[in-house]
Amino acid sequence: MKHIQYMERALELAKKGIQEVSPNPAVGALLVKDGTIIGEGYHRGSGTLHAEIKAINSAGVSVEGATLYSTLEPCSTKYAGKKQAPCVERIIQEKISSVIISSLDPNPHVNGKGVEMLEKAGIHVITGVLDEENKILNEVYIKNMSQSLPFVHIKIAQTIDGKIATGLRDSKWITDEKAREDVHELRSCYDSILVGSGTVKYDDPLLTVRTVNRKSIKRLVVNSDLDIPLTHRIFENQNENPTMVITDKSVSMERQIPYKSRAIEILQIPSREKKRIDLTILMRELYAEGIRSVLVEGGSEIFTSFIKDKIFDKISFYIAPKICGSGMDSTKELEIEYMVDAIELKNVQIRTINNQVVMTGYRN
């Protein structure tokens with residue numbers, strides 16, 4: 001029971017870094033000696049001290065004989081791109097007696113090697129304490145390590161009858177201010193936000209993160225014809241929140257010049273039928289560009305493409321108690337004829353924000 005309580009605290013610490021750590025995992029650690037927590041730490045991002053080392057450094061007494069709780073397997077080797085010394089070496093050096101781990105690190109440079117080194121040094125190791133909770137917290141990192149692809153989360157704000165706008169394309173606002181604040185918190189956990197050209201042309205969103213701890217986020221726009229006027233707000237503040245336009249492979253260099261002159265990135269991707277950008281290729285290219293997570297925010301054409309092609313890991317519906325009758329559906333034709341073929345979600349969680357329901361689930 002004590003292991004669970006201490007690991008719950010370690011997970012709380014890990015969550016403090018979730019908005020800053022990409023492309024690294026969120027990790028929390030603490031040291032316990034004689035039934036008292038003597039040191040704590042969490043990882044704050046690339047190039048900063050790891051959680052285990054911060055916990056050791058923060059202890060006001062000797063850590064010899066202490067138990068270390070870490071949400072992720074301590075790193076064990078130095079490899080290309082790694083900026084910090086292996087944590088295992090310091091743990092052994094400090095004569096820590098036990099290490100309790102939530103999850104093994106899926107990074108092939110680490111996976112199981114940290115545990116092996118600790119055990120060879122005579123340190124008692126336990127793994128799997130609150131493993132599922134940690135894997136949810138680090139779902140982006142795990143997808144990156146296991147598939148070398150970005151984690152994709154679709155966010156849909158809709159009425160109770162499934163509309164994302166009226167027939168006049170009016171969508172301000174489906175949800176209330178409190179729910180929109182929650183979305184900004186959600187955005188702060190992702191590297192990028194993706195929308196289609198229709199959303200930009202009709203809604204003119206800024207697509208930034210407006211939280212207390214503001215974060216720079218890359219704005220992605222799918223625009224096959226490269227015809228979005230540069231007067232739209234998504235092209236503002238390129239230094240703080242850069243915009244990338246994803247367009248068809250056939251678009252000429254001449255068409256790209258006005259955008260590139262404004263420091264707007266252009267990513268050309270082959271199209272499939274009806275000028276639909278090939279999302280499978282897009283995800284591979286985004287990962288190569290260093291984008292590790294994508295929050296998809298609209299509109300219906302984009303939602304439909306991602307859902308139909310099953311290019312998503314997680315989906316959240318922000319459902320307002322409003323009824324439009326006619327209007328724009330959140331998704332279009334998915335070509336599902338029988339209920340047995342419907343896309344089913346798993347591990348569904350439901351919460352409320354004021355009088356709105358937020359339903360989140362994972363692709364089954």
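Here the structure is shown first, and the text comes after it.
Conventions and cut-offs
Residues numbered from 1 in each chain as written. Predicted model: local features only at pLDDT ≥ 70, side-chain atom pairs only at ≥ 80, totals over all residues. Heavy atoms only, no water. Patch = residues over 30% accessible without salt bridge, like charges linked within 9 Å, V, L, I, M, F, W, Y side chains within 5 Å. Areas by Shrake-Rupley, 256 points an atom, 1.4 Å probe, with all protein chains shown as cover. Salt bridge = Lys/Arg side-chain N within 4 Å of Asp/Glu carboxyl O. Lys, Arg positive; Asp, Glu negative; His and termini not counted. Charge placed at Lys NZ, Arg CZ, Asp CG, Glu CD. Helix = DSSP H or I, 4+ residues; strand = E, 2+ residues; numbered from the N terminus. Pairing = 2+ DSSP bridges. Axes fitted to C-alpha atoms, helices over the stretch in contact; angles between N-to-C directions. Buried < 20%, exposed > 50% of the residue type's maximum accessible area, 1.4 Å probe, protein only. Arc of directions from axis to C-beta. Polar contact = N/O pair within 3.5 Å; in protein donor to acceptor, adjacent residues only side chain to side chain. Contact = heavy atoms within 4.5 Å. Core = buried A, V, L, I, M, F, W, Y, C linked by side-chain atoms within 4.5 Å.

1. Remarks on a positive patch on the surface
Turning to step 1, where the next piece is worked out: Taken together, the side chains of K172, R210, R214 and R233 present a region of like positive charge at the surface.
Turning to step 2, where the next piece is worked out: Its location among the elements puts K172 in the loop between β7 (163-165) and α7 (177-187).

2. Remarks on the sheet that holds strand β3 (residues 67-72)
Turning to step 1, where the next piece is worked out: Pairing within the open sheet is mixed, and its 5 strands lie in the order β2-β1-β3-β4-β5. Looking at strand neighbours, the two that pair on one side only are β2 (36-42) and β5 (124-126), the edges of this open sheet. Between one strand and the next, the sheet's axes are offset by a mean angle of 15°, whatever the strand orientation.
Turning to step 2, where the next piece is worked out: Pairing of strand β4 (residues 98-103) with β5, which is carried by 3 bridges, proceeds in the parallel orientation. If you follow I100 over to β5, its bridge partner there is I126.

3. Some words on helix α10 (residues 279-288)
Helical geometry: 3.6 residues make up each α-helical turn, so side chains three or four residues apart lie on a common side.
Turning to step 1, where the next piece is worked out: Within the span of α10, buried status applies to L279, L282, M283, L286 and Y287. Down the axis of α10, the sector holding all buried residues measures 135°, keeping them to one side.
Turning to step 2, where the next piece is worked out: Of the residues flanking the start of α10, the one acting as N-cap is D278, its side-chain oxygen 3.1 Å from the backbone nitrogen of T280.
Turning to step 3, where the next piece is worked out: With its phi angle positive at about 90°, G290 sits one or two positions after the end of α10.

4. Concerning the environment of T247
Turning to step 1, where the next piece is worked out: On the secondary structure map, T247 appears in strand β10 (residues 243-248).
Turning to step 2, where the next piece is worked out: You can call T247 buried: its relative accessible area is 0%.
Turning to step 3, where the next piece is worked out: Along the sequence, T247 and P106 sit 141 residues apart, while their C-alpha atoms lie 34 Å from each other.
Turning to step 4, where the next piece is worked out: Contacts of T247, omitting those with residues within four sequence positions, involve N223, S224, D225, L226, I266, L267, Q268, I269 and I277.
Turning to step 5, where the next piece is worked out: At 2.8 Å, the side chain of T247 and the backbone oxygen of N223 are in polar contact.

5. Some thoughts on the nonpolar core
Turning to step 1, where the next piece is worked out: If you look at the biggest cluster of nonpolar residues, it comprises 28 residues, and the most contacted ones within it are I154, L194, I246, L282, L286, V296 and F306.
Turning to step 2, where the next piece is worked out: The set of elements that each furnish at least two residues to this core consists of β6 (151-159), β9 (218-222), β10, β11 (265-269), α10, β12 (293-296), α11 (300-308) and β13 (314-320).
Turning to step 3, where the next piece is worked out: Apart from residues lying up to four places away in sequence, V296 is in contact with V152, H153, I154, K155, L194, I302, F303 and F306.

6. Thoughts on the pairing of strand β16 (residues 356-363)
Turning to step 1, where the next piece is worked out: The pairing of β13 with β16 spans 6 bridges and is antiparallel. Along β16, the bridge assignment pairs K314 with Y362.
Turning to step 2, where the next piece is worked out: In terms of strand pairing, strand β15 (residues 345-353) meets β16 through 7 bridges, oriented antiparallel. Of the residues in β16, the one forming a bridge with L345 is R363.
Turning to step 3, where the next piece is worked out: Linking β15 to β16, which pair antiparallel, is a turn of 2 residues; within it N354 sits at a positive phi near 50°.

7. Quick look at the environment of S148
Turning to step 1, where the next piece is worked out: Mapped onto the fold, S148 is located in the loop between α6 (139-147) and β6.
Turning to step 2, where the next piece is worked out: With a relative accessible area of 42%, S148 lands in the partly exposed category.
Turning to step 3, where the next piece is worked out: Apart from residues no more than four positions distant in its own chain, S148 is found in contact with K143 and Y287.

8. Some thoughts on the pattern of salt bridges
Side chains bearing opposite charge may pair, as long as their charged atoms lie close to each other.
Turning to step 1, where the next piece is worked out: Here the structure, examined in full by the defined rule, presents 18 salt bridges.
Turning to step 2, where the next piece is worked out: Between D182 and R351 there is a salt bridge, with the nearest N and O atoms lying 2.7 Å from each other. Separated by 169 residues along the polypeptide, D182 in helix α7 and R351 in strand β15 bring together distant segments of the chain.
Turning to step 3, where the next piece is worked out: Residue R276 is joined to D309 by a salt bridge in which the shortest nitrogen-to-oxygen separation is 2.9 Å. Of this pair, R276 sits in the loop between β11 and α10 while D309 sits in the loop between α11 and β13, placing them 33 residues apart in sequence.
Turning to step 4, where the next piece is worked out: Each of the salt bridges in this network shares a partner with another, and the network as a whole consists of R9, E12 and E40.

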